[in-house]
Amino acid sequence: MTKNIGLVWLKDDFRLKRNLALIEAAKNHDQVVAFYLYKKKKFDDQEAQKWWVCESIQEFKKKLNNYNINLEVIATDTYKSFFEKLFQKKDFSIYWNKTYEPNYLKFDEFLKNNFEKNRIKCSIFKGNVLNEFDEVKKNDGSPFKVFTPFWRNAEKYYMEKIPTKEKKISKCLKKISFFNKTINYREIYPNKQWFKKFEEYWIPSEENASKELKNFIVKRIQNYSDLRNFPYLLGTSKLSPYIKHGQIHVETIWEECNKIKHKGVNKFLAEIGWREFNHSLINYFPHMLQGNYSKKFDKFPWMKNSKLLTAWKKGLTGYPIVDAGMRELYSTGWMHNRVRMIVGSFLVKHLLIHWIEGEKHFRKCLLDYNEANNISGWQWVAGCGADAAPYFRIFNPILQGERFDKDGDYVKKWVPELRKVPKKFIHKPWEINDENILMLNKDYPSPVVNHEEARLRALAAFKKI
Ligand SMILES: Cc1cc2nc3c(=O)[nH]c(=O)nc-3n(C[C@H](O)[C@H](O)[C@H](O)COP(=O)(O)OP(=O)(O)OC[C@H]3O[C@@H](n4cnc5c(N)ncnc54)[C@H](O)[C@@H]3O)c2cc1C
């Protein structure tokens, strides 16, 4: 036990379980202070997440109190300016868990060098992943670009490694403060009407993440492979925002799921595998954070059309499954994966609007926004990513609706204007016959583009590259 203070930089890790940095700091120091750096600019971009983060800070602060650990929030314009001041201080050691974005990993190196130069002990731990991104490589040392062999190797590697035995956090002797200029989370709490709705759907806490995982394993994982594509059902885990903010570690998910044997478990863990794959991709190919992974798409003739982009964002395209998805996103901060693919495809293929616009809007609205998954998800949809859906495979939003929301329950939930429309017309309300015309609320728009024309136009654009 050392006399100096242990500082823990919290990023996306609002949990006690498998929080290596926190556990190690509490083991080594009598006095530990955790801190969260609030960078306003980041949340101008990732607006919805501000709600989740504020709720998490509030909850986690109370929890850390029980361990005599203070959680201090500090506002800063840049991480660098904050740390440059910290380098001047003495008598502390610092700990944090990695986040797997190239800029963060590069910054870790910068910090480590500077802390060491100033004789401050700095310990960096594995973050919320199964494997470090560079642990899984082909035999020749090059990175995987295709998911299936990546995951086969990643899974094998992880199992051979035998996951670290879980350690428990110890209670510190005394609660102390460390930083001078701290802020209360209330000072940054977003009081926008928009966020009020999220309270109906989510409770951001570690306990709730565990509860959701347990429920999913007991009630739904067996049917995951069959039901995961139907947005009107609760077929997936809905754990993504908890994973993003570290309220649950993917090793815990792995361990709990593997207590039962079922094909649903393999399918589900493979989705966790996609997350690992995406982290590996953005680190090996960081150019994809700025643009297309596949350079040939740099010449793609995207169109600029703010009217159509706004109709898409607002869920007013006239295609019910697309509109339902966009409204689910706005209301809950989350969207079903099948529908993410449908709305994404509609934006980039039917409207020919650059995937970057879609990525930006998702970044603003998603509670589970994660740079690796969002960038890769969008490039998968647009056809310009690694192991992506080919551009020429164009989702038909009517058939997608009829296949994955056959009775229109999902559409009716999110698009009230269509609640009275008979099943037969629910995914193509423009075809409604005279007999039923009064069932269609006149406020619902006509399709902003004709499907067949848009399909041909997209194929023609693709031919140009
Ligand atoms: C255009 C687009 C953008 C996306 N943006 C994000 C994003 O910003 N953040 C995000 O976490 N996911 C993103 N995804 C992936 C996926 O849609 C969500 O992870 C999933 O819908 C979350 O719901 P769930 O927790 O119920 O998933 P489940 O089906 O229960 O899966 C469990 C976990 O596995 C991971 N996962 C599942 N599907 C994928 C996938 N296709 N790619 C990578 N990881 C996956 C997530 O961590 C998820 O929580 C995006 C997908 C697309 C097509």
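Quantities reported herein were computed from a predicted structural model and do not represent experimental measurements.

A tally of regular secondary structure across the chain gives 22 helices and five strands. Scaling as 2.2 N^0.38, a compact globule of 465 residues should have a C-alpha radius of gyration of about 23 Å, and the chain matches this with 24 Å. Every one of the 465 residues in the chain was classed for burial, and the buried ones make up 40%. In the chain, 76% of the contacts between residues at least 6 apart in sequence involve partners at least 24 apart.

Listed in full, the buried residues belonging to helix α1 (residues 20-28) are L20, A21, L22, I23, A25 and A26. Where α1 is buried, its residues meet β1 (5-10), β2 (32-38), β4 (92-97) and β5 (122-125).

Here A154 is to be found in helix α6 (residues 147-161). A residue is classified by how many C-beta atoms lie within 10 Å of it, and A154, with 23 of them, is buried. C-alpha of A154 to C-alpha of H279: the two residues are 125 residues apart in sequence and 12 Å apart in space. What A154 contacts, discounting residues up to four positions off in sequence, is L130, N131, V136, G273 and E276.

Okay, unusual backbone geometry next. A negative phi holds for most residues other than glycine; trans holds for most peptide bonds. One non-glycine residue, N68, adopts positive backbone phi at about 60 degrees. You can see N68 is positioned in the loop between α3 (47-65) and β3 (70-75). By the C-beta count within 10 Å, which is 17 here, N68 ends up partly exposed. Not every positive phi belongs to a glycine, and K238 is a case in point at roughly 55 degrees. Secondary-structure assignment places K238 in the loop between α11 (224-227) and α12 (240-244).

Packing of helix α13 (residues 250-257) against helix α14 (residues 263-284) brings their axes to within 11 Å, and their N-to-C directions diverge by 170 degrees. By the angle class used here, α13 and α14 are roughly antiparallel. Here V250, I253, W254 and C257 of α13 lie close against α14, whose contacting residues are V265, F268, L269 and I272. Residues that form the contact of α13 with α14 fall into these classes: eight nonpolar, no polar and no charged.

Around the ligand sit 27 residues in total, of which T236, S237, S240, N374 and G377 are the nearest. Broken down by secondary-structure element, the contributors of at least two residues to the shell around the ligand are α12, α14, α17 (337-350) and α19 (371-382). Taken together, the residues that form the shell around the ligand break down as 10 nonpolar, 10 polar and seven charged.

A separate point is the packing of helix α18 (residues 355-365) against α19. Two elements in contact, α18 and α19, have axes whose closest approach is 10 Å; the angle formed by their N-to-C orientations is 145 degrees. For the pair α18 and α19, the sense of crossing is right-handed. Facing α18, whose interface residues are W355, G358, E359, F362 and R363, α19 presents N374, I375, W378, Q379, V381 and A382. Looking at the contact of α18 with α19 residue by residue, the classes come out as six nonpolar, three polar and two charged.

According to the domain assignment, the chain consists of domain 1 (5-127), domain 2 (128-165 + 206-284) and domain 3 (295-463). If you average the C-alpha positions of domain 2 and of domain 3, the two centres end up 27 Å apart. Taken together, the 17 residues of domain 2 in the interface contact 20 residues of domain 3. Of all the elements in the fold, those that place two or more residues in the side of domain 2 that touches domain 3 are α12 and α14. Broken down by element, the residue count for the side of domain 2 that touches domain 3 peaks at five residues, all from α14. When its residues are assigned to classes, the side of domain 2 that touches domain 3 shows eight nonpolar, five polar and four charged.

In this section: the sheet that holds β5. Taken in spatial order, the five strands of this open sheet run β3-β2-β1-β4-β5, and their pairing is parallel. One side of each edge strand has no neighbouring strand; the edge strands of this open sheet are β3 and β5. With strand direction ignored, the average angle separating the axes of adjacent strands in the sheet is 25 degrees. Pairing between β1 and β4: five bridges, direction parallel. If you follow L7 over to β4, its bridge partner there is I94. Helix α5 (residues 102-117) rests against β4 and β5 of the sheet, and its axis sits at about 155 degrees to β5.

Scoring rules and cut-offs
- Residues numbered from 1 in each chain as written.
- Predicted model: local features only at pLDDT ≥ 70, side-chain atom pairs only at ≥ 80, totals over all residues.
- Helix = DSSP H or I, 4+ residues; strand = E, 2+ residues; numbered from the N terminus.
- Rg over C-alpha atoms; globule rule 2.2 N^0.38 Å.
- Buried ≥ 20, exposed ≤ 12 C-beta atoms within 10 Å, placed from the backbone.
- Contact = placed C-beta atoms within 7 Å.
- Axes fitted to C-alpha atoms, helices over the stretch in contact; angles between N-to-C directions.
- Parallel < 35°, antiparallel > 145°, perpendicular 65-115°, else oblique.
- Nonpolar A, V, L, I, M, F, W, Y, C, P; charged D, E, K, R; others polar.
- Near = placed C-beta within 6 Å.
- Left-handed = near helix turned anticlockwise from the far one by under 90°.
- Domains from an automatic or database assignment.
- Pairing = 2+ DSSP bridges.

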